[in-house]
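# A look at the structure
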Amino acid sequence: STMPANIEVSHHQAELDFSHTVTLATLLTGAEARPQHVSFKHAPASDTHVVEAFFQCPVTWHAEVDSLRFATALLDHPINPGADTASQKALEALCAQQLNDIQRNEDPEWLMATRTAIANALPQGPVLIRDIAPHTGKSTRQLQKLLSDRGLSFRALVDTIRSELAERYLKNTDLSLVEIAIRLGFSEQSAFQRAYRRWSNKPPGQARRTHR
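Residues numbered from 1 in each chain as written. Predicted model: local features only at pLDDT ≥ 70, side-chain atom pairs only at ≥ 80, totals over all residues. Heavy atoms only, no water.

So, on to helix 4 (residues 109–121). The periodicity of an α-helix, 3.6 residues per turn, causes residues three or four places apart in sequence to face the same way. Its 13 residues give helix 4 an end-to-end C-alpha distance of 18 Å, which sits within 8% of 18 Å, the value for a rise of 1.5 Å per residue. Restricting attention to buried positions, one finds in helix 4 the residues Trp110, Leu111, Thr114, Arg115, Ala117, Ile118, Ala119 and Ala121. (Helix = DSSP H or I, 4+ residues; strand = E, 2+ residues; numbered from the N terminus. Expected span 1.5 Å × (residues − 1). Buried < 20%, exposed > 50% of the residue type's maximum accessible area, 1.4 Å probe, protein only.)

This is the structure:
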């Protein structure tokens, strides 16, 4: 999990997340993706049979961490051939396009690394220069100076990458506006909509209809 360690997940959320993981792993692989062991930090309910019957493996309570353990053999299963292959191909093409655009020939290596690191960090929340700098081989001060020498600011670069990715998501995918907002690191859909209006002077829904 990329959540800060000081944030406690409720026992409802922990059980829901793990049940989602098992269900999705089964759907994606077409195999019976049952875990070998499950542990929860919280205390068990008065009746643990429902949880144990769902996971079909030993369940430990009052554990130090919430954990879900699978056999490594599960990694050898290919994606279920019944999955949405058309969407997969569209997303793979979009990823390739993004990588090509990020790694522009005219950009120096440190700037390509900066753009790539920002794009990867966006879904995890606020993007800070001190977190991006280590991915470029530069210190925070050095990266600030290099960007300044090119007439760039870090915040403006993050905004530019967000706007570029937003256009691609709206044009080339069927992701919902909520999903796009999450991928771009916005806390909620309304924040993404306000930002998109600032970038393009129109709402994202209208842009999507125009592309289609």
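We now examine the nonpolar core. Residues Ile118, Val127, Ile132, Leu147, Phe154, Leu184 and Phe192 are the most contacted members of the largest nonpolar core, which totals 33 residues. Mapped by element, the contributors of at least two residues to this core are helix 4, helix 5 (129–132), helix 6 (140–149), helix 7 (154–172), helix 8 (177–183) and helix 9 (189–200). Considering every element that reaches this core, the biggest residue donor is helix 7, with eight residues. Core analysis: the second largest hydrophobic core is formed by 10 residues, Ala14, Val51, Cys57 and Val59 among them. (Core = buried A, V, L, I, M, F, W, Y, C linked by side-chain atoms within 4.5 Å.)

With the rule as written, the count across this model stands at eight aromatic pairs. Note on Phe40 and Phe55: the rings are 6.3 Å apart at their centroids and 55 degrees apart in plane angle, and the pair reads as tilted. Here the residue Phe40 occupies a position in the loop between strand 1 (37–39) and helix 2 (49–55), and Phe55 occupies one in helix 2, the gap between them amounting to 15 residues. Each member of the pair, Phe40 as well as Phe55, is classed as buried. One residue, Arg183, lies across the ring of Tyr169, its end atom 5.9 Å from the ring centre. (Phe/Tyr/Trp six-rings, centres within 6.5 Å; stacked < 30°, edge-to-face > 60°. Lys NZ or Arg CZ within 6 Å of the ring centre and 35° of its normal.)

Further remarks concern the packing of helix 7 against helix 10 (residues 204–211). For the pair helix 7 and helix 10, the least separation of the axes is 8 Å and the interaxial angle reads 50 degrees. Accordingly, the angle class assigned to the pair helix 7 and helix 10 is oblique. As for how helix 7 packs across helix 10, the hand of that crossing is right-handed. Listed contacts from helix 10 to Glu167, Tyr169, Leu170 and Lys171 of helix 7 are Pro204, Ala207, Arg208 and His211. Grouping the amino acids of the contact of helix 7 with helix 10 by side-chain chemistry returns four nonpolar, one polar and three charged. (Axes fitted to C-alpha atoms, helices over the stretch in contact; angles between N-to-C directions. Parallel < 35°, antiparallel > 145°, perpendicular 65-115°, else oblique. Left-handed = near helix turned anticlockwise from the far one by under 90°. Contact = heavy atoms within 4.5 Å. Nonpolar A, V, L, I, M, F, W, Y, C, P; charged D, E, K, R; others polar.)

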